[in-house]
Amino acid sequence: MNLRSRPNNLSLFLLCPMLLAGILSGCRDTATSSESTAPPAAVNAKFDRQILRDFVAAVVVPSNNQFAQQASMLSKTIDAYVAAPSATTLASAQAAWVKARAAWEQTECFGFGPTTSLGYDGALDTWPVNETDLKALMKSKAPLTATSVSKMKETEKGFHVIEYFLFGQDKRRQPTDLAQRDLQYLQLLGKDFASVATDLATSWSKGVEGQPAYQEVFGTAGEAGNTTYPTVQAGTQEMIQGMVDSLDEVANEKLGKPLAEKNPKLAESRFSLNTLTDIKSNLQGAQNVYLGSLPDANTSGKGLSVYIAQVNPALDSTVKQKFKVAAQSLEQISEPLETAVLNPKAAGSIKAAQSAIDAVRETIEKDVKPLVVKS
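What counts and how
Residues numbered from 1 in each chain as written. Predicted model: local features only at pLDDT ≥ 70, side-chain atom pairs only at ≥ 80, totals over all residues. Heavy atoms only, no water. Helix = DSSP H or I, 4+ residues; strand = E, 2+ residues; numbered from the N terminus. Buried < 20%, exposed > 50% of the residue type's maximum accessible area, 1.4 Å probe, protein only. Phe/Tyr/Trp six-rings, centres within 6.5 Å; stacked < 30°, edge-to-face > 60°. Lys NZ or Arg CZ within 6 Å of the ring centre and 35° of its normal. Core = buried A, V, L, I, M, F, W, Y, C linked by side-chain atoms within 4.5 Å. Salt bridge = Lys/Arg side-chain N within 4 Å of Asp/Glu carboxyl O.

Caption draft 1: Here's a closer look at the environment of E105. By the element assignment, E105 lies in helix 3 (residues 87–105). A relative accessible area of 0% places E105 in the buried class. Remark: the alpha-carbon pair of E105 and G285, spanning 180 residues in sequence, is separated by 7.2 Å.

This is the structure in structure tokens:
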């Protein structure tokens with residue numbers, strides 16, 4: 001996720017999550033039609049609150065649990081690498097990072113509630129890495145402990161600092177490149193990362209810091225006493241806006257900016273050359289929300305698709321088709337994206353994917369959202 005100014009205040013978690021669902025604004029790099037393409041709704045049906053409950057139970061909670069498991073595995077493989085640096089142990093840690101990354105990127109659509117208000121997002125996925133400060137830290141004699149690492153600036157820990165140590169520049173890390181202090185820091189980063197990922201999963205499933213499980217807060221939207229989501233529409237607004245914001249970021253920042261500036265350093269996972277895989281996972285995450293399922297965990301429920309298919313079957317088919325086209329368009333981009341943005345011959349495929357993803361975003365925002373939020 002890009003380094004952004006995002007609310008990181010517990011009061012937002014408890015009182016004002018709707019601030020996170022503000023109206024999307026700003027100019028877009030890719031032009032799309034401003035006219036709604038969806039035919040009128042065929043049926044006037046009432047939105048079922050079960051969709052919100054299933055969204056959390058079948059998508060959010062298992063996604064976060066899956067990520068926490070992968071984060072724990074990453075920490076364990078880092079331990080093995082630190083204990084015995086070799087081509088084998090390094091490759092294992094790198095593979096674990098990629099798996100954890102895929103699991104995390106599928107959660108981008110629901111980075112609200114405790115994910116932001118309790119600071120988990122920033123601690124896990126802030127970028128870009130501050131390489132200058134990082135190199136200075138490695139040259140210093142400042143003590144490295146679990147406590148000191150947990151208190152590090154967000155640009156000095158999390159996914160991309162771990163990526164920097166494991167992959168080096170352009171995925172050229174050699175097993176014996178890292179000094180002992182580097183290895184010590186990497187190991188502490190892995191443990192902190194796994195701890196934060198576990199806390200994130202717990203905040204949704206069981207609750208942390210004396211707060212109720214956020215799945216209960218969200219799943220009871222519109223029920224008496226729910227001051228966070230006083231109406232069902234407040235919950236649906238949060239869910240839909242999460243998809244819109246994520247798809248917008250993917251199309252116009254993760255794809256658009258590196259291409260527009262012909263700068264691989266603007267690619268989020270540039271050390272591992274993994275940015276295109278990140279983007280594919282982001283798109284899959286948005287589709288998971290729409291369908292109400294998580295294929296990787298074999299969980300499913302009543303998704304937004306069920307409701308849209310009731311009120312406007314043609315629109316539901318359109319959304320699914322646009323997801324399919326967007327996924328296919330990403331497959332046409334030559335790997336890695338970090339190299340492709342410098343290749344004039346690849347510009348067309350990147351722009352096509354950008355346009356296809358933005359088309360999904362536009363349909364959800366202009367056609368799906370009104371049907372759901374006003375139901």
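Caption draft 2: Structural view of the packing of aromatic side chains. All chains considered together, the criterion is met by 19 aromatic pairs. Seen in terms of ring centroids, F159 and F193 are 4.7 Å apart; in terms of plane orientation they differ by 75°. Their pairing is edge-to-face. Taken together, the residues span a long stretch of sequence, with F159 in helix 8 (residues 159–167) and F193 in helix 9 (residues 180–205) at a distance of 34 residues. When sorted by exposure, F159 lands in the same class as F193, which is buried. A cation over a ring is seen here: R101 above F159, with NZ or CZ 4.8 Å from the ring centre.

Caption draft 3: Region of the structure containing the nonpolar core. Formed by 104 residues in total, the largest nonpolar core has its most connected members in F55, F67, F165, L166 and Y185. When residues of this core are assigned to their parent elements, the largest contribution, 15 residues, is made by helix 2 (residues 50–83).

Caption draft 4: Looking closely at the environment of I357. Mapped onto the secondary structure, I357 falls in helix 16 (residues 347–373). I357 sits in the buried class, given a relative accessible area of 0%. The spatial distance from the C-alpha of I357 to the C-alpha of S329 is 8.7 Å, given a sequence separation of 28 residues.

Caption draft 5: Structural detail: unusual backbone geometry. Of note, the amide linkage connecting W127 to P128 takes the cis form, showing an omega dihedral of 5°. The topology assignment puts P128 in the loop between helix 5 (120–125) and helix 6 (131–139). Following E335, the chain continues to P336 via a peptide bond in cis, the omega torsion being -15°. Looking at the secondary structure, you find P336 in the loop between helix 14 (313–331) and helix 15 (337–340). The phi dihedral of D170 is positive, around 55°, even though this residue is not glycine. Of note, D170 is situated in the loop between helix 8 and helix 9. Residue D170 is classed as partly exposed on the basis of its relative accessible area of 39%. A positive phi angle, near 50°, is found at K262, a position not held by glycine. Among the structural elements, K262 can be located in the loop between helix 11 (232–261) and helix 12 (275–291). By relative accessible area, K262 is classed as partly exposed at 45%.

Caption draft 6: A look at the pattern of salt bridges. Summed over the entire model, instances satisfying the criterion amount to 21 salt bridges. D125 serves as the salt-bridge partner of R101, at 2.9 Å between the closest nitrogen and oxygen. With R101 in helix 3 and D125 in helix 5, this pair connects stretches of sequence that are 24 residues apart. For R101, a relative accessible area of 0% puts it in the buried group. A salt bridge links D133 to K153; the shortest N-O distance between them is 2.9 Å. Taken together, the positions of D133 in helix 6 and K153 in the loop between helix 7 (146–150) and helix 8 put the pair 20 residues apart, joining distant regions of the chain. Here D133 falls in the partly exposed class, since its relative accessible area comes to 27%. Several salt bridges share partner residues, and in doing so they unite R101, E105, E108, D125, K254, E268 and D278 into one network.

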